[in-house]
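Residue-level structural notes
The chain contents come next:
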Amino acid sequence: MLEFYIQTVYIPRENIFFIEEWLDYHSKLGVDKFYLYDNSGSLYKDFIGNLEIDGRNKNGWDVKELTKELSDSDIAKIEDELFEKYNVTRIKWQPLDKNGDITYNQTESINDFLKYVNKGFCAFIDIDEFISINYNNIKDYIRFNYNNNFDGIKIYQKKFINVFFSPQKP
């Protein structure tokens with residue numbers, strides 16, 4: 001049986017307003033299970049380790065301001081309900097850099113993911129990215145395009161709109 005997973009590193013406060021749409025969309029596309037690496041506590045460092053200006057994310061949004069009406073327990077409750085509904089495994093992800101700060105470290109998270117899954121297909125995408133294919137189901141797409149001589153399939157992305165630059169804020 002063909003299995004398909006999605007793995008990503010995310011920050012709950014940054015994504016809480018978008019995560020259900022993302023989970024629902026990809027579930028309907030045929031994703032069997034999600035592995036979400038909770039990077040709470042990070043200093044919003046980008047992939048090369050530069051501290052973002054004024055504690056804002058890479059898009060310039062003050063994440064704490066966006067979610068100021070939600071407590072940590074509110075966010076956890078929302079996540080618990082969604083994660084049960086959409087077959088999500090949450091992994092607390094807090095790797096430390098040389099200064100002892102929590103960092104993103106996506107490459108290390110992918111290596112960690114391999115402890116949980118050793119067969120099937122996986123997409124490594126962010127919560128602001130959506131798989132877009134001309135098929136109703138990702139597994140049909142894989143069956144049509146996959147050749148046993150290949151290790152995987154590369155799917156390119158096209159950004160239609162960035163949720164953080166949308167005229168309507170969350």
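See above for the structure.
Everything in this summary refers to the structure shown in the same document. What you see is a predicted model; the values in this text were computed from it and never measured. (Residues numbered from 1 in each chain as written. Predicted model: local features only at pLDDT ≥ 70, side-chain atom pairs only at ≥ 80, totals over all residues. Heavy atoms only, no water.)

Focus: the pattern of salt bridges
- With the rule as written, the count across this model stands at ten salt bridges.
- One salt bridge connects E20 with K85, and the closest N-O pair in it is separated by 3.5 Å. Here the residue E20 occupies a position in helix α2 (residues 19–29), and K85 occupies one in helix α4 (residues 72–85), the gap between them amounting to 65 residues.
- You can call E20 partly exposed: its relative accessible area is 38%.
- Taking the relative accessible area as the measure of exposure, K85 reaches 57% and is therefore exposed.
- We note a salt bridge from D32 to K139, for which the minimum N-O separation is 2.8 Å. Residue D32 is found in the loop between α2 and β2 (33–38), and its partner K139 is found in helix α6 (residues 138–145); the two are separated by 107 residues along the sequence.
- A relative accessible area of 25% means that D32 is categorised as partly exposed. (Salt bridge = Lys/Arg side-chain N within 4 Å of Asp/Glu carboxyl O. Helix = DSSP H or I, 4+ residues; strand = E, 2+ residues; numbered from the N terminus. Buried < 20%, exposed > 50% of the residue type's maximum accessible area, 1.4 Å probe, protein only.)

Examining the packing of aromatic side chains
- According to the stated counting rule, one finds nine aromatic pairs in the structure shown.
- Each ring, one from F113 and one from F124, has its centre 5.7 Å from the other, and the planes form 90°; the classification is edge-to-face. One end of the pair, F113, is in helix α5 (residues 106–113); the other, F124, is in strand β4 (residues 121–124), and eleven residues separate them in sequence.
- With 5.4 Å between their ring centres and 80° between their planes, Y135 and Y141 make a pair best called edge-to-face.
- Residue Y135 is classed as partly exposed on the basis of its relative accessible area of 28%.
- The structure contains a cluster of three or more aromatic residues connected by ring pairs, namely Y5, Y35, F113, Y116 and F124. (Phe/Tyr/Trp six-rings, centres within 6.5 Å; stacked < 30°, edge-to-face > 60°.)

A look at the packing of α2 against α4
- The contact between α2 and α4 brings their axes to 11 Å, and the two run at 5°. In terms of orientation, α2 lies roughly parallel with respect to α4. Two secondary-structure elements touch here, α2 through I19, E20 and L23 and α4 through L82, F83 and K85.
- Within the contact of α2 with α4, the residues separate by chemical class into four nonpolar, no polar and two charged. (Axes fitted to C-alpha atoms, helices over the stretch in contact; angles between N-to-C directions. Parallel < 35°, antiparallel > 145°, perpendicular 65-115°, else oblique. Contact = heavy atoms within 4.5 Å. Nonpolar A, V, L, I, M, F, W, Y, C, P; charged D, E, K, R; others polar.)

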